[in-house]
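Given next are the chains, with one letter for each unit.
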Amino acid sequence: MTSEASGLVRAVIFDYKVLFFPSHQRVIADVRDLLETLSHFGIDICVFSTDAINLGNECVTRSFPVLQNLVTRGDVQDQKNRGSPNWIDAATSKLGLQRHQLLYVGVTALDWRTAINAGVFYLHAGWCAGLPSGTTSLVVNSPSEVMKF
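Presented here is an overview of the structure given in this document. Numbers given for residues are sequential positions, taken from 1 along each chain in its written order. Given that the model is predicted, a residue must reach a pLDDT of at least 70 before its local features are reported, and side-chain atom pairs must reach 80 or more before they are shown or counted; all residues, however, enter totals for whole chains, interfaces and linings. Heavy atoms from the whole structure form the basis of all side-chain values; hydrogens and water molecules are not counted.

With 27 residues, the main nonpolar core has F14, L19, V105 and W127 as its most contacted residues. Helical segments are the DSSP runs of H or I of at least four residues, strand segments are the runs of E of at least two, and each set is numbered from the N terminus. Secondary structure elements with two or more residues in this core: β1 (11–15), α1 (16–20), α2 (25–40), β2 (44–48), α3 (55–61), β4 (102–106) and β5 (121–125). At six residues, α2 tops the list of elements feeding residues into this core. Should any heavy atoms of two residues lie within 4.5 Å, those residues are considered in contact. Apart from the residues within four sequence positions on either side, V105 is in contact with V12, I13, F14, D15, V18, Y122, L123, A125, W127 and V146. Residue types Ala, Val, Leu, Ile, Met, Phe, Trp, Tyr and Cys, when buried and joined through side-chain atoms within 4.5 Å, form a set referred to as a nonpolar core. Think of it in three bands: residues with accessible area under 20% of the maximum for their type are buried, residues over 50% are exposed, and the middle band is partly exposed, with areas taken using a 1.4 Å probe on protein chains only. Listed in part, the 19 residues of the second largest apolar core include F48, V76, L95 and Y122.

With that out of the way, let us pick up the pairing of β2. Of all five residues in β2, four are buried, a share of seventy percent or more. Paired strands, as defined in this entry, are two strands with at least two bridges between them according to DSSP. Here β2 pairs with strand β3 (residues 69–71) via three bridges, running parallel. Within β3, the residue paired with V47 across the bridge is L70. We call a crossover right-handed when, viewed with the strands running away from us, the connection from the first strand over the helix to the second turns clockwise. With α3 bridging β2 and its parallel neighbour β3, the resulting β-α-β unit is right-handed.

Below you can see the structure in the form of structure tokens.
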């Protein structure tokens, strides 16, 4: 990898709610398209969930590409809660990347805090919920808008 390419986004972290809570079929299809596009471009995908989930089953249920990278509290040093940069460190270890190579797409104030406490660029998934009070973020209103970043 060239030094120029090392500064590019190499992975996107998604809070599990961003991927698995939308119930409208059009949004599910848009999330599927986003995941497929990211995979096509060789961008890794990581899912954050406080508790263990069956990532494979969640993906199969929605006809998503099967995702392999899951970070739960058990993977985080000292099992810190969300908001701690240790979550980002667990992702960088799993993915073999640096913090500046990540993009975080979340929906809660804790997602926002996790990203900003680690110096990771954050986008709020407006297709899931409004921007939480007390947070400042760019809001993407559809999954396809994530690709702009």
